[in-house]
Amino acid sequence: SQRVVIIGAGIVGTNLADELVSRGWNDITVVEQGPLHMPGGSTSHAPGLVFQTSPSKTMTHLARYTVEKLLSIEKDGHKCFNQVGGLEVATTPARLEDLKRKHGYASSWGIDARLISAEECFKMYPHLNNEMVLGGLHIPTDGLALAARATQLLIERTSKAGVRYLGHTPVTGIERDGRRVTGVSTPSGTIPADIVVSCAGFWGVELGAMVGVDIPLLPLAHQYAKTTAVPALAGRDINSLPNGLNATLPILRHQDKRLYYREHGGQYGIGYYGHRPMPVVASSLGLTPKDVDEQNMPSRLEFTTEDFDPAWKETQKLLPALQDTEIEDGFNGIFSFTPDGGPLLGQPSHLDGFYVAEAVWVTHSAGVARALAQILTTGRSEIDVSECELSRFEEVQVNRDYVTETGKQNFVEIYDIIHPLQQRASPRNLRVSPFNARQRELGAVFFETGGWERPWWYEANKDLVKSLPPSWKPVDRDAWSTQLHSPISAAEAWKTRNAVAMFDMTAFHRFEVSGPGAVGLLQRLTTSDITTKPGTVTYTLLLTDHGNIRGDIFVLRLEDDVFQIGANTATDLAYLTREARVQEQKTPGQWIQVRDITGSTCCIGLWGPRARDVIAGISTIDVSNKGLPYFSLKKAILAGIPVTMIRKSYVGELGWEIQTSAENGQRLWDTIYQAGKQHGLIAAGRSAFNSMHLEKGYRTYGADMTTEHNPFEAGVSYAVDATKKDDFVGKAAFQRLSSQVPSRRLRALTVDDGRSMILGKEPVFYNGKAAGYVTTAAFGYTIGKPIAYAWLPGGVGEGETVEIEYFGTRIKATVQAESLYDPQMNRLNQ
Ligand code: FAD
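In this report, the structure presented in the accompanying data block is examined. These numbers come from a predicted model, not from an experiment.

1. Quick word on the overall build of the chain
Working step 1: Along its length, the chain carries 20 helices and 43 strands.
Working step 2: By the compact-globule yardstick of 28 Å for 830 residues, the chain fits well, its C-alpha radius of gyration being 28 Å.
Working step 3: For the chain, restricting intrachain contacts to residue pairs at least 6 apart in sequence, the fraction spanning at least 24 positions comes to 72%.
Working step 4: Counting every atom, the chain has about 30,900 Å² of accessible surface; 50% of that belongs to carbon and sulfur.
Working step 5: Charge centroids of the chain, computed over 83 positive and 91 negative side chains, lie 5 Å from each other.

Shown next as structure tokens:
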């Protein structure tokens, strides 16, 4: 096996050592700057509440595995997980509603949960003020992780299995040879390694800097306090609890006031997120002292009582039993926040052998460690971890200003009720397309992704809503799905289907792959034969070795050895860059250049039955169906502007993506806008786009399908050319899978009543039992019904009825044949 150095003996590093050693890797060294019995990082003081359920399937499953694993670790009858259950209470009507949504997530992700009445909350948790609580969500499998104990037991068991632990040993540098790490330096010498994994918690930024990697995490202090002995708990003999555990009540969340609670024997522990964000620079904390104890450790800063005052007042209201107590002890403990709240897992694209597993809560620790161990030993994690990928961030998202502002914001909002489309107010306008000024003139309402400002709809189209034919009139929506929505989207979809509309496609990732090795690279990584003639567009998949989907991309062959890739994420760029380097190392001379050209170019999607009328008058080339057929491309001049016309469509209508370099963008916009006026052209936004995209049955990578799914299950096996002569990643696995009947499938559903909205991630019930979950959803304006895509058991057939649970209400829906719009592709091939 490979020589591995893990930096950090917190809950993540020790779990990783355990997951690797249990998979047969036997040359593992864990290097820890603090004393091993109490390293002094966040784990050493973690109160260890584990609430498993979140809107993210990935995070929930990482948490579920952590619970399973911690339950299995035990010594001399002493356990590492106290499964007291989790109770979240609502004290406002909005929170009560939100708990229903959360209950839905639990059902979607397979976590047993129950919505309970105020009386039941009070029965389960007698210290609650029964005049305040409106209801709760109870999750019996949640509980308390004894993280420091688990860490010690993991050190003990992995040491026995041969893992070396070096305490009091700070890593001061990471050694490398070119683009490969070769070891770590410490005051007592170099430790050679093939793989270095930084599990350094909130010191991650400093470790990253040693190899020139920006680690987008922000250490923040967070308040935790313990009360004096609680008289109401005094009668209980906590010491008689089995297994050295010191709590019997469920862990408790009072999110309306940003508070959480647990018992510590006869005392209460109180955690608070309502205070001002308090950023910390880890390097300013100095070296870990030789002696660390409960009170003195680098991750524990002095308690700032004044910040805690509101928490204490609110606590005494919610838990009157604490009115006879005081705060005995408190601290401001440090842990990590990231721009999107997710952990950081994986490797940077420019370096081999360096991995990180940071910004990980105790809640997800064993899950993250297992995922990374699986990636290292087999190349793939069984839980999709795309949303944890270190490489998921765009360049503008990893600088300190961005990380600080968004990290602080995530701290503040951690317990807020967040709408799935909620937009941050700042930082904004980081990346704007060259059409931005014109879009503003048209009253664009912008939503942000990856730093890009993307028009969601245009207020300029408001009057069109009045002129919509009756079958297109928007239906009334419930208050939640009305938020961040405008009926203008219906009008924009109507115009696209019946006249023509222009969409800003600039924010879609575009990479150029060129050089003598380009054909070989794309032939090896994609599922299609891309040795087609220049001018061809191919929709293809990137698979894992196991035959699952790691991405779907468009490959545009521009010249013999110049390709453009239309991709989904920055992670696709990291994958292509890394694979190009690996290939080049194997076949020197066959160099490949992978360049992100997204920001230096721009793109307009011009779609609708009258798109050809708009272009015919201003184009130098034949744009007839014969001159430029579907899935082909040509260079052209449009009113003097050099462009590439790409005959493809995300919305299922005739038209092109028209691409040019950024400096020509505004002129291109103006030219098309002017030429289109007489044909009824409008500018349309992403909301209408999403609806039409779903009507057409096009999948969204990351939401509809992930590395957990294979092409047969996801309904995209048509994009795999099993007869392709050349071998490609995942080919053998795909061939094996082709003889199996999928046990689950991504299916199109329409809502029977034609009006009840769904937003995504809701559970789906079949014969009364939770059987799957919604991936993406939208109102299908053309078909006049809400649409949901959902993962369902393979046996559920077309025409069958299922129920989708939305805020506790069951909505009937029917499984449909695909696509819902123009299945014969007549609109595209005219
Ligand atoms: P750490 O435990 O910090 O371990 C990193 C280790 O790396 C440290 O021991 C450090 O000494 C070592 N290290 C760093 N740099 C070097 C170097 N150069 N050389 C050698 N070693 C190095 N999470 C929950 O899930 N539930 C909770 O209820 C919860 N409550 C919390 C309450 C508070 C007050 C705080 C502060 C955090 C809480 N967390 C909670 C978060 C949780 O504690 C952390 O996310 C988790 O412990 C991080 O584990 P880790 O192993 O990544 O990091």
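Anyway, onward from the coordinates.
2. Focus: the sheet that holds strand 10 (residues 143-145)
What links the strands of a sheet is backbone hydrogen bonding, and the strands pair in either a parallel or an antiparallel sense.
Working step 1: Strand order in the open sheet formed by three strands is 3-10-6, and the pairing between neighbours is antiparallel. Both edges of this open sheet fall to strand 3 (49-50) and strand 6 (81-82), since each of them pairs with a single strand only.

3. A short note on the side chain of R424
Working step 1: For R424, the location among the structural elements is in the loop between helix 10 (400-412) and helix 11 (436-441).
Working step 2: Despite being buried, R424 has no salt bridge partner; E448 is the closest side chain of opposite charge, sitting 4.4 Å away.
Working step 3: At 3.0 Å, the side chain of R424 forms a polar contact with the backbone oxygen of P339.
Working step 4: In contact with R424, not counting residues within four places along its chain, are P339, Y402, T406, Q409, N410 and E448.

4. Quick look at the packing of helix 1 (residues 11-21) against helix 9 (residues 365-378)
Working step 1: As a packed pair, helix 1 and helix 9 sit with axes 8 Å apart at the nearest point and diverge in direction by 45°. By the criterion of interaxial angle, the relationship of helix 1 to helix 9 is oblique. Crossing angle aside, the handedness with which helix 1 passes helix 9 is right-handed. Residues I11, V12, N15, L16, E19 and L20 of helix 1 form the contact with helix 9, whose participating residues are S365, A366, A369, R370, L372, A373, L376 and T377.
Working step 2: Of the residues belonging to the contact of helix 1 with helix 9, the class tally is nine nonpolar, three polar and two charged.

5. Remarks on unusual backbone geometry
Most peptide bonds adopt trans geometry, and most residues besides glycine take a negative phi value.
Working step 1: A cis amide bond links S426 to the next residue, P427, at an omega of -5°.
Working step 2: Along the polypeptide, P427 turns up in the loop between helix 10 and helix 11.
Working step 3: Along the chain, E818 connects to S819 via a cis peptide bond; the corresponding omega equals -15°.
Working step 4: Position of S819 among the secondary structure elements: in the segment after strand 43 (809-816).
Working step 5: Look at R258: it is not a glycine, yet its phi comes out positive at around 60°.
Working step 6: Structurally, R258 can be placed in the loop between strand 17 (251-254) and strand 18 (259-264).
Working step 7: Taking relative accessible area as the criterion, R258 reaches 22% and is therefore assigned partly exposed.
Working step 8: Phi is positive for L484, close to 60°, though the residue is something other than glycine.
Working step 9: Note on L484: relative accessible area 31%, which makes it partly exposed.

6. Quick look at the pattern of salt bridges
Charged atoms that come close allow side chains of opposite charge to pair.
Working step 1: Per the stated rule, a full pass over the model turns up 40 salt bridges.
Working step 2: Across the salt bridge formed by R747 and E798, the nearest N and O atoms sit 3.3 Å from each other. In this pair, R747 sits in strand 38 (residues 744-751) while E798 sits in the loop between strand 41 (785-793) and strand 42 (801-806), placing the two residues 51 residues apart along the sequence.
Working step 3: R747 sits in the buried class, given a relative accessible area of 5%.
Working step 4: Judged by relative accessible area, E798 falls into the exposed class, the value being 51%.

Cut-offs applied
Residues numbered from 1 in each chain as written. Predicted model: local features only at pLDDT ≥ 70, side-chain atom pairs only at ≥ 80, totals over all residues. Heavy atoms only, no water. Helix = DSSP H or I, 4+ residues; strand = E, 2+ residues; numbered from the N terminus. Rg over C-alpha atoms; globule rule 2.2 N^0.38 Å. Contact = heavy atoms within 4.5 Å. Areas by Shrake-Rupley, 256 points an atom, 1.4 Å probe, with all protein chains shown as cover. Lys, Arg positive; Asp, Glu negative; His and termini not counted. Charge placed at Lys NZ, Arg CZ, Asp CG, Glu CD. Pairing = 2+ DSSP bridges. Buried < 20%, exposed > 50% of the residue type's maximum accessible area, 1.4 Å probe, protein only. Salt bridge = Lys/Arg side-chain N within 4 Å of Asp/Glu carboxyl O. Polar contact = N/O pair within 3.5 Å; in protein donor to acceptor, adjacent residues only side chain to side chain. Axes fitted to C-alpha atoms, helices over the stretch in contact; angles between N-to-C directions. Parallel < 35°, antiparallel > 145°, perpendicular 65-115°, else oblique. Left-handed = near helix turned anticlockwise from the far one by under 90°. Nonpolar A, V, L, I, M, F, W, Y, C, P; charged D, E, K, R; others polar.

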